[in-house]
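# Residue-level structural notes
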Amino acid sequence: MLLNRTVSLQCAPLRTACPGTGAATEALSPSQHGGGNVCTGANSKTGSGAQTDWALTITAGPVSTVAPQAPGDTELTCGETTQHQQYRVVGGMVAPIESQPWMAAIFQKRSGFLCGGSLIAPCWVLTAAHCFQDGNSTTTRHLSVYLGKSAINETDVDREQRFTVEQLVIHPKYMESNVKYNNDIALLKIRSPGGECALRTASARTVCLPPAHTMLPPGMECIVAGYGNERERAWHYSQYLRQAQVKLLSQRTCKSKPYYGNLVNQNMFCAASPDWSSDACQGDSGGPLVCNVSGRMFMFGVVSWGDGCARKYKPGVYTRVTNFNNWIAEKTELPAFTAGVMYPTK
């Protein structure tokens, strides 16, 4: 928010009179000036040689009441949250966006909410290819992406960041070899109305990518998140972001009967809750399956497909992200973000 207010060219310690003027300065909170004293003019010295700290601010014209935004995440600051994870999508628990701050909501003009996605770098969102029925012919100007959304039908200006889509990149081998949902992965390059990428806040962070071809053992507990149906055959999507705890299944189990047989290939994996009560569902497509490794969240899967929701022997099927590190690095030109540098080596 900008206020049309003129600031005189004066300099003073915080909450004291300006030298030689007797005019009081405006008190700012520590988060605005970093502690110490505040100078509201061009001169940052006291003139007396004292060790008083001064901060230079705007000298005239509009004054912003919004604190400066932090820069975007780097490959070294991914996978961090300010919220403890709460587990419990179908059978899931409503989750504050701060617990899944990489969660992106993708909208399409006229049709509304389209799919979920994950912020993997400040300018890039990873999602599922099947979200875009027109493939590479999708009109990107009709797409928008939001970060910081706890509810798809509500707006929270203090948390949200809105972006247009500069580029849509669908994997060139999506649905190749007549295997449904094979290579079900896509990238969105995003820009804010001001031409910026995502800014790092408590409600907008990047998720880490593990090193190429890394996979956790069966039985590992992970989290799936999304805005989709709370139950199979629900009339509408959940308004709120939800997350659920699931366990990874072995490839052998997932490819067996009565599971999915040959419908699952090496570019996919399965996960489900042991009692079949929690699962991804319609509307969760494109969203993340993330796992906590040494206190940092890594994205191993993209919600892809499944037979119903939370059905026995029909787990959720996910795109195996680590099979696509090289492709992601090539398309984003950000190899550092796909190298898995924050993944523990032991």
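Just above, that's the structure.
Parameters and conventions
- Residues numbered from 1 in each chain as written.
- Predicted model: local features only at pLDDT ≥ 70, side-chain atom pairs only at ≥ 80, totals over all residues.
- Heavy atoms only, no water.
- Salt bridge = Lys/Arg side-chain N within 4 Å of Asp/Glu carboxyl O.
- Buried < 20%, exposed > 50% of the residue type's maximum accessible area, 1.4 Å probe, protein only.
- Core = buried A, V, L, I, M, F, W, Y, C linked by side-chain atoms within 4.5 Å.
- Helix = DSSP H or I, 4+ residues; strand = E, 2+ residues; numbered from the N terminus.
- Disulfide = S-S within 2.5 Å.

The next subject is the pattern of salt bridges. Applying the stated criterion across every chain yields a total of 10 salt bridges. Between E80 and R296 there is a salt bridge; the shortest N-O distance is 3.4 Å. By relative accessible area, which is 31% here, E80 ends up partly exposed. Classification of R296 as buried rests on a relative accessible area of 16%. A salt bridge links K331 to E330; the nearest nitrogen and oxygen atoms lie 3.9 Å apart. Among the ionic contacts, a cluster of salt bridges with common partners joins D73, E80, R200, R205 and R296.

In summary, soluble globular proteins display a tendency toward joint burial of nonpolar side chains. In this structure, I120, L126, F132, V145, L188, M299 and I328 are the most contacted members of the largest nonpolar core, which totals 44 residues. Sorting the residues of this core by element identifies β4 (103–108), β5 (112–121), β6 (124–127), β7 (143–147), β8 (161–170), β9 (186–191), β14 (296–305) and α3 (325–332) as the ones contributing at least two each. Core analysis: the next-biggest nonpolar cluster, separate from the first, contains 18 residues, C78, V293, V303 and Y343 among them.

With that settled, the discussion passes to unusual backbone geometry. For the bond from K257 to P258, the omega torsion is 15°, close enough to zero to count as cis. With respect to the secondary-structure elements, P258 resides in the loop between α2 (251–254) and β12 (268–272). With a phi angle near 55°, N183 is a residue other than glycine that sits in the positive phi range. You can see N183 is positioned in the loop between β8 and β9. A relative accessible area of 7% places N183 in the buried class. In this structure, S294 takes a positive phi of about 55° despite not being glycine.

What follows covers the state of the cysteines. Each disulfide is one covalent bond, formed between the sulfur atoms of two cysteines. This model, assessed by the stated rule, comprises five disulfides. Residue pairing for C78: its cysteine sulfur links by disulfide to C208, the two sulfurs lying 1.9 Å apart. Judged by the sign of its S-S torsion, about 95°, the cystine formed by C78 and C208 is right-handed. Accessibility assignment for this pair places C78 and C208 in one class, buried. Note on cysteine connectivity: C222 is disulfide-linked to C291, with sulfurs 2.0 Å apart. Residues C222 and C291 are joined through a disulfide that is right-handed, its torsion about the S-S bond being 100°.

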